[in-house]
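Now for the letters of each chain:
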Number of protein chains: 2
Amino acid sequence: MSFLSHLESVVRDVDGSIACSVMGFDGIAVETYQAQDAGELELSSAWVEYANLLTQLKNAADLLKTGSVSEVSINTEKVMTLIRMVSPDYFVVLALRPEGNYGKARYVLRVTAPKIRAEL
Amino acid sequence: MSFLSHLESVVRDVDGSIACSVMGFDGIAVETYQAQDAGELELSSAWVEYANLLTQLKNAADLLKTGSVSEVSINTEKVMTLIRMVSPDYFVVLALRPEGNYGKARYVLRVTAPKIRAEL
């Protein structure tokens with residue numbers, strides 16, 4: 001389970017990233033990489049939103065488990081979260097600031113999910 | 001209830017739009033405006049995906065009803081859907097092709113939702 005480097009790559013490659021996590025469908029975060037390139041004060045409010053969203057992910061995860069849906073995104077005014085299935089038990093979630101590059105985020109998560117799956 | 005013109009404006013203003021609907025949280029579409037600027041053949045597969053997604057919206061709608069979430073997006077490889085609450089009983093949903101302008105879509109739905117609410 002050395003997927004922390006994959007999470008780091010996602011955060012580095014996507015402008016506006018706050019954090020990237022691997023989570024189980026039970027709602028428990030397995031691993032998280034937080035962006036280093038922004039001030040703590042700037043990140044803190046977005047980070048609080050991210051943590052709040054993680055607690056609401058059960059419904060979104062249920063959608064992913066249907067199989068026909070490839071991504072789910074849950075957005076507040078302060079943070080966007082993009083979620084992609086990794087395996088039947090795990091998914092990856094990326095938090096972005098509202099001005100972040102959502103299109104790049106979709107691409108990077110799509111190519112990274114199989115790499116994380118290979119490490120599980 | 002003359003909000004069809006608002007739905008038309010959304011579809012016209014956002015590149016890659018397929019259709020925009022006002023739906024009740026009971027899952028019934030009240031009104032839909034479909035894009036006119038693309039060939040039927042190009043739209044048809046995306047339209048089928050959109051219809052499929054509409055049947056899966058119940059979980060996403062539950063998230064919106066928590067109040068802390070302002071938008072939910074559910075994406076397949078063929079279509080992205082962006083959802084925003086309009087009132088306690090209704091939400092607006094926009095379907096985009098995967099190459100559509102998601103950032104513009106977020107902005108346009110944010111400013112349009114209050115206009116639709118005023119017409120309900």
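Residues numbered from 1 in each chain as written. Chains lettered and ligands numbered in written order. Predicted model: local features only at pLDDT ≥ 70, side-chain atom pairs only at ≥ 80, totals over all residues. Heavy atoms only, no water.

(A) Quick peek at the relation of the copies chain A and chain B. Of the transformation placing chain A onto chain B, the axial shift is 0.0 Å and the rotation is 180°, giving an RMSD of 0.0 Å. This pairing of chains is accounted for by a two-fold axis. Identified as the residue of chain A closest to the rotation axis by C-alpha distance is Ser73 of chain A, at 2.3 Å. In this assembly, 100% of the residues forming the interface of chain A have copies in chain B that are likewise at the interface, indicating an isologous arrangement. (Least-squares fit on C-alpha atoms with pLDDT ≥ 70 in both. Contact = heavy atoms within 4.5 Å.)

(B) Quick look at helix 3 (residues 57-65) of chain B. Residues and elements named next belong to chain B. For helix 3, the complete set of buried residues consists of Leu57, Ala60, Ala61, Leu63 and Leu64. Taken around the axis of helix 3, the buried residues stretch over an arc of 155°, which confines them to a single face. Among the residues trailing helix 3, Gly67 stands out with phi positive, at a value near 95°. (Buried < 20%, exposed > 50% of the residue type's maximum accessible area, 1.4 Å probe, protein only. Helix = DSSP H or I, 4+ residues; strand = E, 2+ residues; numbered from the N terminus. Arc of directions from axis to C-beta.)

(C) The layout of surface pockets, seen in detail. Quantified by volume, the largest pocket comes out at close to 170 Å³. Along the wall of the largest pocket there are 14 residues; nearest its centre are Tyr102, Gly103 and Arg106 of chain A together with Met80 and Pro98 of chain B. Secondary-structure elements contributing two or more residues to the lining of the largest pocket are helix 4 (102-119) of chain A together with helix 4 (102-119) of chain B. Of the residues forming the lining of the largest pocket, the biggest block, five residues, is contributed by helix 4 of chain A. Of the residues in the lining of the largest pocket, the class split is five nonpolar, four polar and five charged. (1 Å grid on protein atoms, 1.4 Å probe; cavity = no way out; pocket = protein on both sides within 12 Å on 5 of 7 lines; lining within 4 Å. Points joined across faces, edges and corners; volume = space filled by probe spheres on them. Nonpolar A, V, L, I, M, F, W, Y, C, P; charged D, E, K, R; others polar.)

(D) How the structure looks around the pairing of strand 3 (residues 71-75) of chain B. In terms of residue burial, strand 3 of chain B counts as a mostly covered element, since five of its five residues are buried. Where burial is concerned, the two faces of strand 3 of chain B agree: the one with Glu71, Ser73 and Asn75 of chain B and the one with Val72 and Ile74 of chain B are both buried. As paired elements, strand 3 (residues 71-75) of chain A and strand 3 of chain B share five bridges and run antiparallel to each other. For Ser73 of chain A, the partnering residue across the bridge sits in strand 3 of chain B and is Ser73 of chain B. Sheet topology note: the strand 3 of chain B/strand 4 (residues 80-85) of chain B ladder contains five bridges and is antiparallel. Counted as the bridge partner of Asn75 of chain B is Met80 of chain B from strand 4 of chain B. Where strand 3 of chain B folds back on strand 4 of chain B, the antiparallel hairpin that results is connected by four residues. (Pairing = 2+ DSSP bridges.)

(E) View of the interface of chain A and chain B. At the junction of the two partners, chain A supplies 23 residues and chain B supplies 23 residues. Summed over both partners, the interface of chain A with chain B buries about 1800 Å², with 45% contributed by carbon and sulfur atoms. The interface formed by chain A and chain B includes two salt bridges. Arg84 of chain A is paired through a salt bridge with Glu77 of chain B; the nearest N and O atoms lie 3.6 Å apart. Counting across the chain A and chain B interface gives nine residue pairs in polar contact (both at pLDDT 80 or more). If one sorts the elements of the side of chain A that touches chain B by residue count, strand 3 of chain A sits on top with five residues. Considered class by class, the residues forming the side of chain A that touches chain B number nine nonpolar, eight polar and six charged. (Buried area = accessible area lost by both parts, 1.4 Å probe. Salt bridge = Lys/Arg side-chain N within 4 Å of Asp/Glu carboxyl O. Polar contact = N/O pair within 3.5 Å; in protein donor to acceptor, adjacent residues only side chain to side chain.)

(F) Spotlight on helix 1 (residues 4-13) of chain A. All names here are of chain A. Where helix 1 is concerned, the buried positions are His6, Leu7, Val10 and Val11. Angularly, the buried residues of helix 1 cover 140° about the axis, an arc narrow enough to put them on a single face. Summarising the contacts, the buried residues of helix 1 are in contact with strand 1 (17-24), strand 2 (29-34), strand 5 (90-96) and helix 4.

(G) Broad picture of the side chain of Arg106 of chain A. By the element assignment, Arg106 of chain A lies in helix 4. Within the structure, the side chain of Arg106 of chain A is placed 2.9 Å from the side chain of Glu71 of chain A, a separation counted as a polar contact. Ignoring sequence-local partners within four residues, the contact set of Arg106 of chain A consists of Glu71 and Leu82 of chain A together with Asn75, Thr76, Met80 and Pro98 of chain B.

(H) Expanded view of the packing of aromatic side chains. Taken as a whole, this structure holds three aromatic pairs over all chains when the rule is applied. With a centroid separation of 5.1 Å and an interplanar angle of 50°, the aromatic rings of Phe25 of chain A and Phe91 of chain A are classed as tilted. Here Phe25 of chain A, found in the loop between strand 1 and strand 2, pairs with Phe91 of chain A, found in strand 5; they are 66 residues apart in sequence, far enough to count as distant. The two residues Phe25 of chain A and Phe91 of chain A agree in class, both being buried. Judged by centre distance (3.8 Å) and plane angle (5°), the rings of Tyr102 of chain A and Tyr102 of chain B are stacked. Pair noted here: Tyr102 of chain A is in helix 4 and Tyr102 of chain B is in helix 4, and the two residues belong to different chains. (Phe/Tyr/Trp six-rings, centres within 6.5 Å; stacked < 30°, edge-to-face > 60°.)

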